[in-house]
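Observations on the model geometry
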Amino acid sequence: MSAAPTAPLPATATEQLVAFVCDAAPAPTPATVAALRGLVVDTVAVATAGTRTPAADLLRSWVTEQYPARGADSTGLAAVWGTGTRLGPADAALVNGTAAHALDWDDAAPSMAMHPAAVLLPTLFALSARRPVTGAELVAAYDVGSAVFRAVSEILPHHVHYGRGWHNTSTTGRLAATAAAGRLLGLDRTATRHALGIAASCAAGSLANFGTMTKPMHAGLAARDAVTAVGLAARGFTANPGQLDARGGFLELFGEPSADRTARLGERLEHWRVAWVEDYAIKAYPSCFATQRAIDAGISLREELGADLGAHGDAVARIEVTLEHRGTRPLRDAPASTGLEAKFSLEYCLAVALVHGDVVLDDFTDAALGRPGLATLAAKVELGERPAADEPGHTVVRLHLTDGRTLERIVHHSRGDSHRPLTTDELAAKFGQCVGDGAPQRAWFEALHGVPDRTTASDLQELLAGPEAS
């Protein structure tokens, strides 16, 4: 009697990921092309502004110190965006990724704590210095990276990984950027396995560094390591080709491996290849994404009150803010003492919104923390979370006034969310805040906006350097 056929073993996470990166895929959709137009403009803009922060300035100073003088020859070097500086691709990815994340004004994913464009675009643009790309190739690689970011985060799962204190942008971001880079460069399956293994061994970055210069460097390090991983793997450098699934590998170290979740990885990758356009946000305010909905609520409440709550703070008895389950995880649990820390203080951000009717870059200087009325109002904020079983993805702000009234706002999608996107004019206004608003800057906006539509291959470095480098 013959034995019953044995069911094939499910593919490992590594094999599903490698197949997704290397196999032929559908052309990018009009929706992903349109989304990337805005993300290219926004990420380059916030990175250009971010180069003026102490974190990016110190990092660029240190990196450029490592380079011997080359005269005018910049062949093969990549631009530090918005500047005349050129660096090797890995170092350019490090500096641009750090600058993109330095102001906490970069993109976000509402479903999970991550900043995909701040890691993926520095990686892909740096590689275009050595391998000129078309717009379609750029979009296809970005789609791959976006899907890997979200699908791998799901199977960890994200709440376990982030709950342990890992900065997902930095950890899973390395795999996502490496996958995107592998697609862009056309790595074969063997090289892709090794590239992912190299990147997985570099993964690090803790939430404990939020509010310091090291936090934005997490994005830069992830981009740098992705460029390094694909460059080494393409030359034959080896790593464990099954590193994600191995004992002591990425999934075991950073999550809680589950055969059921792992078996669905390929399905989730295909889902997110297109669906990421329903799960991204271009921030309207330069602070942690966990503060964005509360800021919107505060601005709306101030408009209803029609009063300067800085001068009339005694009209407020208390402010009740309820976030989704685990929504407070990236936020500070103590008052901010620096402008950087204030970006992670919902209490401070909400107070600014209630007092000033907006939240802008100048609100995150050290001196701004001492402005009248802010500390008093921030101290009245009571922050909480809804139970796990409740509907996710919205913030409730209740303003309890001393006259007995209670005003409430419920915000499901922050301004700039893909379900409530910035208009082209609003995006251009943000671009102007970051880089200036003259005719050269407006022309730069239009040129960057058209990058995903380019039909000829180019290295993009002259464009990324911007008008100030001309």
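Heads up: these notes are all about the structure in this document. (Residues numbered from 1 in each chain as written. Predicted model: local features only at pLDDT ≥ 70, side-chain atom pairs only at ≥ 80, totals over all residues. Heavy atoms only, no water.)

As for the packing of aromatic side chains
Enumeration over the complete set of coordinates arrives at 9 aromatic pairs. Here the aromatic rings of Trp166 and Phe254 are separated by 4.8 Å at their centres, their planes lie at 80 degrees, and the arrangement is edge-to-face. Of this pair, Trp166 sits in the loop between α7 (158-163) and α8 (168-185) while Phe254 sits in helix α11 (residues 250-254), and the two are 88 residues apart along the sequence. Take Trp166: its relative accessible area is 25%, and that puts it in the partly exposed class. Seen in terms of ring centroids, Tyr348 and Phe364 are 6.0 Å apart; in terms of plane orientation they differ by 65 degrees. Their pairing is edge-to-face. In this pair, Tyr348 sits in helix α16 (residues 346-356) while Phe364 sits in the loop between α16 and α17 (374-378), placing the two residues 16 residues apart along the sequence. Side by side, Tyr348 and Phe364 carry an identical accessibility label, which is buried. What links up through ring pairs into an aromatic cluster is the set Tyr142, Trp276 and Tyr280. The positively charged end of Arg150 is found above the aromatic ring belonging to Trp272, 5.8 Å away from the centroid. Lys215 extends its terminal NZ or CZ atom over the ring of Phe210, reaching a point 4.7 Å from the ring centre. (Phe/Tyr/Trp six-rings, centres within 6.5 Å; stacked < 30°, edge-to-face > 60°. Helix = DSSP H or I, 4+ residues; strand = E, 2+ residues; numbered from the N terminus. Buried < 20%, exposed > 50% of the residue type's maximum accessible area, 1.4 Å probe, protein only. Lys NZ or Arg CZ within 6 Å of the ring centre and 35° of its normal.)

Side note on the state of the cysteines
Across all of its chains, the model carries 0 disulfides by this definition. No disulfide involves Cys202; its sulfur sits 19 Å from the nearest other cysteine sulfur, which is in Cys22. Lacking any disulfide linkage, Cys349 is separated from the closest cysteine sulfur, that of Cys288, by 8.2 Å. Overall, the relative accessible area of 0% leaves Cys349 in the buried class. (Disulfide = S-S within 2.5 Å.)

Comments concerning helix α19 (residues 439-449)
Helical geometry note: an α-helix holds 3.6 residues per turn, so side chains three or four residues apart project in the same direction. Among the residues of α19, those classed as buried are Gln441, Trp444, Phe445 and Leu448. Angular distribution of buried residues about the axis of α19 spans 105 degrees; they occupy a single face of the element. Residues of α19 that are buried make contact with α2 (30-50), α18 (424-435) and α20 (461-465). (Arc of directions from axis to C-beta. Contact = heavy atoms within 4.5 Å.)

Observations regarding the pattern of salt bridges
Oppositely charged side chains can form a pair if their charged atoms are brought close together. Tallied over the full model, the rule gives 25 salt bridges. The shortest N-O distance in the salt bridge between Lys215 and Asp104 comes to 3.0 Å. Taken as a pair, Lys215 in helix α10 (residues 214-234) and Asp104 in the loop between α4 (89-102) and β3 (107-108) lie far apart in primary sequence, 111 residues in all. Looking at Asp104, the relative accessible area reads 3%, which means it is buried. Two residues, Asp225 and Arg174, come together in a salt bridge whose shortest N-O distance is 2.8 Å. Pair noted here: Asp225 is in helix α10 and Arg174 is in helix α8, with a separation of 51 residues, a long-range link. Comparing Asp225 with Arg174, the two get one shared label, buried. Salt bridges sharing partners connect three or more residues here, namely Arg318, Glu320, Glu382, Arg398 and Glu408. (Salt bridge = Lys/Arg side-chain N within 4 Å of Asp/Glu carboxyl O.)

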